[in-house]
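Examination of the molecular architecture
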Amino acid sequence: MGAMDRKHVLDRRRFLEVAGLGAPALAGAAPALGPQSRPETLVTQFYESLSREQRNTVVMPFDSPLRSRVENNWHITDARVGRFFNPDQQAMIEQIFKDLHAPEFHESLDKHVRDDFGSVRNLSVALFGEPGTGKFEFVITGRHCTARCDGDSVEGAAFGGPIFYGHEGEQFYERPTHPGNVYWYQAKRANEVFQALDGNQREFALQPRAPRERSVHTVEPSPDPDGLPVSDMSHDQRALVSATLADLLAPFREADREEAMRLIDANGGVERLSMAFYENQDIGKDGVWDVWKLESPSMVWYFRGYPHVHVWVNVQQDPGWRAPAGASARSWFGLPG
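Everything numeric here is computed off the predicted structure, so don't read it as measured data.

All right, on to the overall build of the protein then. Of the regular secondary structure elements, the protein holds twelve helices and eleven strands. Per-residue burial over the protein gives 55% buried out of 337 residues. In the protein, once contacts between residues fewer than 6 apart in sequence are set aside, the share between residues at least 24 apart is 70%. Counting only carbon and sulfur atoms, one obtains 49% of the accessible surface of the protein, whose full area is about 14,600 Å².

Judged by nonpolar contacts, the single largest core of 67 residues is most densely connected at Phe138, Ile140 and Trp301. The biggest single contributor to this core is helix α8 (residues 184–196), with five residues. In this structure, tryptophan 301 is in contact with Phe159, Tyr165, Leu248, Leu249, Phe252, Trp292, Lys293, Leu294, Val311, Trp312, Val313 and Val315, ignoring residues within four places of it in sequence. Ranked by size, the runner-up nonpolar core spans ten residues in total, among them Val219, Val291, Tyr302 and Trp312.

Attention shifts here to helix α3 (residues 38–49). In this model α3 runs 17 Å from its N-terminal to its C-terminal C-alpha over twelve residues, within 8% of the 16 Å that 1.5 Å per residue would give. Residues Pro39, Glu40, Leu42, Val43, Phe46 and Tyr47 constitute the buried set of α3. Each buried residue of α3 sits inside an arc of 160° when the element is viewed along its axis, so together they form one side. Turned more than 90 degrees away from the buried face of α3, the exposed residues are Arg38 and Glu48. Lining the buried residues of α3 we find α4 (52–58), β1 (59–60), α6 (87–99), β2 (124–130), β3 (135–142) and β4 (145–149).

The next point concerns a nonpolar patch on the surface. A surface patch of nonpolar side chains, about 320 Å² in accessible area, is lined by Phe172, Tyr173 and Tyr306. Tracing the chain through its elements places tyrosine 173 in the loop between β5 (163–167) and α8. A relative accessible area of 55% means that tyrosine 173 is categorised as exposed.

As a further point, take the packing of α3 against α6. One can describe the packing of α3 onto α6 by two numbers: an axis separation of 9 Å at closest approach and a directional angle of 155°. Regarding the angle of α3 to α6, the classification is roughly antiparallel. As α3 packs across α6, the resulting crossing turns out to be left-handed. Here Arg38, Pro39, Leu42, Val43, Gln45, Phe46 and Ser49 of α3 come into contact with α6, specifically with Gln89, Met92, Ile93, Gln95, Ile96 and Asp99.

With that settled, the discussion passes to the environment of aspartate 116. The topology assignment puts aspartate 116 in helix α7 (residues 106–116). For aspartate 116 and glutamate 168, which are 52 residues apart along the polypeptide, the C-alpha to C-alpha distance reads 6.5 Å. In this structure aspartate 116 touches Arg143, His144, Gly166, His167 and Glu168, once residues within four positions along its chain are discounted. In terms of polar contacts, aspartate 116 uses its side chain to reach the side chain of histidine 112, at 2.8 Å.

Reading the values: rules and limits
Residues numbered from 1 in each chain as written. Predicted model: local features only at pLDDT ≥ 70, side-chain atom pairs only at ≥ 80, totals over all residues. Heavy atoms only, no water. Helix = DSSP H or I, 4+ residues; strand = E, 2+ residues; numbered from the N terminus. Buried < 20%, exposed > 50% of the residue type's maximum accessible area, 1.4 Å probe, protein only. Contact = heavy atoms within 4.5 Å. Areas by Shrake-Rupley, 256 points an atom, 1.4 Å probe, with all protein chains shown as cover. Core = buried A, V, L, I, M, F, W, Y, C linked by side-chain atoms within 4.5 Å. Expected span 1.5 Å × (residues − 1). Arc of directions from axis to C-beta. Patch = residues over 30% accessible without salt bridge, like charges linked within 9 Å, V, L, I, M, F, W, Y side chains within 5 Å. Salt bridge = Lys/Arg side-chain N within 4 Å of Asp/Glu carboxyl O. Axes fitted to C-alpha atoms, helices over the stretch in contact; angles between N-to-C directions. Parallel < 35°, antiparallel > 145°, perpendicular 65-115°, else oblique. Left-handed = near helix turned anticlockwise from the far one by under 90°. Polar contact = N/O pair within 3.5 Å; in protein donor to acceptor, adjacent residues only side chain to side chain.

These values are about where atoms sit, not about what they do.
Structure, rendered in structure tokens:
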């Protein structure tokens, strides 16, 4: 068992205790998000430290279309952290980025940073809106990185909007077992789901060609997702999907994990997701699917392990979702009343 495999076990157990087989987590069980959580406090301090020249470069209106953009390799501004900001500001940015991730993931995060861009100081940042107005977001971007800190300003969107994470492990074209890749454990868990499916289910789940990466369009949820609906899976199979979702959320700070689960639960839970695996980009032709996706009409979590790991994420609120008529939330998820 690798370092991340060991470190996220407790998070996964806690997730499964709360989420069960897609059961709604009680809203009162999760602390409210807000601007006083540590990264948001640092973002406000960082904003207040900016000179006029710096603000002219990195501060934009909250409704700028640049705020919701997501890419696999880009710089949101020309403000490279290590060149544009003073040492105190650089230290704040590095701490914000670190605090957006779970403590259990920090060792793996350090490896991701070293391998993919060397240092957080090679990333770029932008700020949208103004602290204290209820509309404010910090965005940091670079190779294999689009991360956000919003203090819950963006209603109905986990992580403050679409995000991207990825990693090139030992080489650009990774080998079938993806040695050294800090996110490959997530695909190993997803492949446990596929192995648990029967032949008929596999025919629905396995798709011939993976969707290509198309910037922000990659994270647009489909009203008719690919693959096998989780609602068509058995009790044990749905448990494996819940474990996969727990592993996907494990790298992130607790507040973002809980916000994502509240939105997923409010949109019909794990059972409203579909799961697809893609045949054409199977490294080594070993039947361990490198490219796969969990999706609903309000969520995309697209894991592309070819040629190395790219992951596209968008978890939204679905205002049109309603539980089936006559079913309480608990009965819809198969729980006792």
